[in-house]
Amino acid sequence: MGDAQVVAATISQEILTGSFRQGTGLPRIAHPFAASGVLTDVACPSWTALIPSAGRIDLDSPAETIDRLTNLDFPMRGAIAALHGEARRIVNAPLCLSAAREILARVPEGGVVAILTGFPEFPWIRRGVAETDGPVGAAVLARSLVKARRAIPILPCEPHFAPVIEAAVRGIGLVPVPAAGLDLKSLHPGDPVCLIEATDEAVDAERWLAACAPALVIAIERPGRSATGVYHNMSGRNVGHCLNNFEDLFVAAEARGIWTIGIGDGGNEVGMGALQAVVRAQVAAGSACGCGCGGGIAAVSSSRSLVTAVVANFGATAIAAMLALLTDDRDVLPSPALELQSLDACVAAGAVDGQHNECVASVDGLAADAYGAVLELIADAVDRARHRRNV
């Protein structure tokens, strides 16, 4: 058993026995459904809700387990409880399950899906360095879409983010292929490839959408414009100079009626616009960024499917888990080892942790063992649900 599996097994056992609580020497955890977004210590009975009921074999039970698990405040940053609570109020269903159902309903066999990612750290050094949260999740989604829908994923990105994104894609088992000059019709649906469109040239969103005809546009951990038109990181710094205008693709798709999915963990990402009021009230720098623009960091662009997660990558893995259950194909969800391989490749290409900015295998302050433990728990929930379905 690997280190991540040991951690996951320990957490599962402590949840089941009621020993996972304040005072055991483990960190304080924020309850995702605390009233009015207030962070509270979790009592033992609340944690039992994470375990599927013995007699249930429908999707609601694993979906609830995974949705709550991926929105627990493991890094203890303090914002996710309020964001998730509001997202659940809006969607009125497990976020990952709702998004997965829309993917299967909207994306035809062989359809094109655009995925936007890339969040800059070190924005004071040239045009920044990509963080590990986002590219790995984008790679997970690309692989799951290939497996579940034989889709053709295309990832527009800045050239300085491209090496990290390509590495994440390669680490998940797909072949990154430059999109420049490539006729999409020459591709065979189901090929394990992912197109990378790396450019600093401003994109004409309407022309791009007409040429690529995506059935779906996803944004995961990608900076979104605030009400003042500025792109901010979580501390309120302006990072607009690090970015191309790829958000225009998302906004234009939304206006055209193309389905959109926004995945984020702070409310300053593309597609998180429905959470603006909560971001302003509950997130540091939410109403006053300090960059001089006169506003806060809340993103204004909205998405049709809204997915929050304490680490955005977990939101992607949660969606992949639901796709695996909905299609009854376990291979649609990459193994924890494969996702960790993508993370390792991402870091080897120069990605940094978005919390402490070190070039190590961690995401938003979660070291690989802790990160992997969450992946193990997601995979375990899927396996339990599939087992119960077949009993």
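A few points on the structure.

Calculation criteria
Residues numbered from 1 in each chain as written. Predicted model: local features only at pLDDT ≥ 70, side-chain atom pairs only at ≥ 80, totals over all residues. Heavy atoms only, no water. Core = buried A, V, L, I, M, F, W, Y, C linked by side-chain atoms within 4.5 Å. Buried < 20%, exposed > 50% of the residue type's maximum accessible area, 1.4 Å probe, protein only. Helix = DSSP H or I, 4+ residues; strand = E, 2+ residues; numbered from the N terminus. Contact = heavy atoms within 4.5 Å. Axes fitted to C-alpha atoms, helices over the stretch in contact; angles between N-to-C directions. Parallel < 35°, antiparallel > 145°, perpendicular 65-115°, else oblique. Nonpolar A, V, L, I, M, F, W, Y, C, P; charged D, E, K, R; others polar. Salt bridge = Lys/Arg side-chain N within 4 Å of Asp/Glu carboxyl O.

Description of the nonpolar core
Working step 1: I115, I319 and Y371 are the most contacted members of the largest nonpolar core, which has 97 residues in total.
Working step 2: Looking at this core, the element that brings in the most residues is helix 11 (residues 312-327), giving 11 residues.
Working step 3: Once you skip the residues sitting within four places of it in the chain, I319 turns out to touch C96, A99, A100, I103, L141, I263 and V307.
Working step 4: Core analysis: the next-biggest nonpolar cluster, separate from the first, contains 23 residues, L209, V217, F250 and I258 among them.

Quick notes on the packing of helix 3 (residues 60-69) against helix 11
Working step 1: Close contact between helix 3 and helix 11 brings their axes to 10 Å; oriented N to C, the two are set at 170 degrees. Judged on the interaxial angle alone, helix 11 and helix 3 are roughly antiparallel. Contacts between helix 3 and helix 11 pair P62, A63 and I66 from the former with A318, A321, M322 and L325 from the latter.
Working step 2: In the contact of helix 3 with helix 11, the residues fall into 7 nonpolar, no polar and no charged.

Structural notes on helix 3
Working step 1: Taken across its 10 residues, helix 3 has 8 buried, putting it largely inside the fold.
Working step 2: Taken together, the buried positions of helix 3 are S61, P62, A63, E64, T65, I66, D67 and L69.
Working step 3: Summarising the contacts, the buried residues of helix 3 are in contact with helix 4 (80-91), helix 5 (95-106), helix 11 and helix 13 (368-390).

Let's talk about the environment of L343
Working step 1: Relative to the helices and strands, L343 is located in helix 12 (residues 336-348).
Working step 2: On the accessibility criterion, L343 (0% relative accessible area) is buried.
Working step 3: In sequence terms L343 and I172 are 171 residues apart; their C-alpha atoms lie 8.7 Å from each other.

What about the pattern of salt bridges?
Working step 1: All told, the structure shown has 22 salt bridges when counted by the stated rule.
Working step 2: R225 serves as the salt-bridge partner of D248, at 3.1 Å between the closest nitrogen and oxygen. One end of the pair, D248, is in helix 9 (residues 247-256); the other, R225, is in the loop between strand 7 (216-220) and helix 9, with 23 residues separating them in the sequence.
Working step 3: Counted as one network, the salt bridges with shared partners bring together E64, D67, R68 and R88.

Fair warning: the whole summary comes from geometry, so function is off the table for now.
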